[in-house]
Structure formats: C-alpha cells, structure tokens
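What follows is each chain in one-letter form.
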Amino acid sequence: MESVFSKIIRREIPADIVYETESILAFRDISPQAPVHILVVPKQSIRNLFAAQKSDQMILGELMLAAAEVARQQGLGESGFRLIVNNGEAAGQTVFHLHLHILGGSVLTPRIV
Ligand code: AMP
C-alpha cells in the first residue's frame, strides 16, 4: 500500500525538501517535534525494518550516512541530534514507508533510552 511519502518522492504533493540523492530524500516533518525535525526516506518503498531484506543492506547503510550528512548540513554537527525509527503501530509508526526522524536544535526530552 502506497504512503504519502511516495507521493512526496514523486513530487505529487509538496514538501520542504532539504536533501536528495539518487536513492534518498530528506524533508521537514509537517508536524515538527523539535526545532529541527527532518525525515530521511529511501526512494524505494520499504514498509519498515521488519520488511527490509538482506538485499536492502546498501540502502539501509546509505540512510544512516545520509542522516549524519543532513544533520551536519542543518548545523547539528556540534550539538548532536537524535535518530528515531518507529517500527509498527505500538511504536507509533503512522506512515508505513521506512523513515528516520532526525531531531535536534535543542536539548531533547524526555529521554527514554
Ligand atoms: P511515524 O509516526 O514514525 O510513522 O512518522 C511519520 C511522520 O510523518 C510524522 O512525524 C508526521 O508528522 C510526518 N508526516 C506525515 N505526513 C507528512 C507530510 N505530508 N509531510 C511531511 N511530514 C509528514
């Protein structure tokens, strides 16, 4: 089932895009939970980590490196940032297209782990 992120990737609905490569897109969350709140998504649709296959190893690595690069570009290189991946409904996943949340720009609370 297609998600809203596929539409953003195809430019069918607008988003505040901050970073793009051949395989990855990053854009600002529509409902930010921190001064910097950016979603990093693979252009290929993977439902979540449970759906990821061995053949997705490369894109999963690219996602992590892209998150660090986006955070750097957003000025979080010194202060740091938090990365969140919600997997499944109990974790609060609402959009079923794998994505990393980059959160930063202030001291982040509450700290769960
Ligand atoms: P999750 O709850 O981990 O699945 O995260 C989904 C995130 O996508 C939420 O933080 C939403 O605010 C965000 N979101 C939903 N629709 C859009 C959209 N059209 N543009 C940007 N962010 C969105």
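On a predicted model such as this, the values are computed, not experimentally measured, just so you know.

Enquirer: Account for the pattern of salt bridges, naming residues and giving values.
Expert: According to the stated counting rule, one finds 6 salt bridges in the structure shown. As a salt-bridge pair, Arg10 and Glu12 come within 2.7 Å of each other at their nearest N and O atoms. A relative accessible area of 42% means that Arg10 is categorised as partly exposed. Residue classification places Glu12 among the partly exposed positions, given a relative accessible area of 46%. Ionic pairing is found between Lys43 and Glu20, a salt bridge with its closest N-O pair at 2.7 Å. Here Lys43 is found in the loop between β3 (36-42) and α2 (57-73), whereas its partner Glu20 is found in strand β1 (residues 17-20), with 23 residues between them in sequence. On the basis of relative accessible area, Glu20 is assigned to the partly exposed category, the value being 38%. Each of Glu2, Arg10 and Glu12 takes part in one network of salt bridges that share partners.

Calculation criteria
- Per chain, residue numbering runs from 1 following the sequence as it is written.
- Only residues with pLDDT of at least 70 get local features here, since the model is predicted, and only at 80 or more are side-chain atom pairs given and counted; chain-wide, interface and lining totals rely on the full set of residues.
- Side-chain measures here rest on the full set of heavy atoms in the structure, leaving out hydrogens and waters.
- Salt bridge, as applied in this entry: a Lys or Arg side-chain nitrogen positioned within 4 Å of an Asp or Glu carboxyl oxygen.
- Per-residue accessibility, obtained with a 1.4 Å probe over protein chains only, is compared with the maximum for each type, and a residue is labelled buried under 20%, exposed over 50%, and partly exposed between these values.
- By definition, any uninterrupted DSSP run of H or I lasting at least four residues is a helix, any uninterrupted run of E lasting at least two residues is a strand, and each is numbered from the N terminus.

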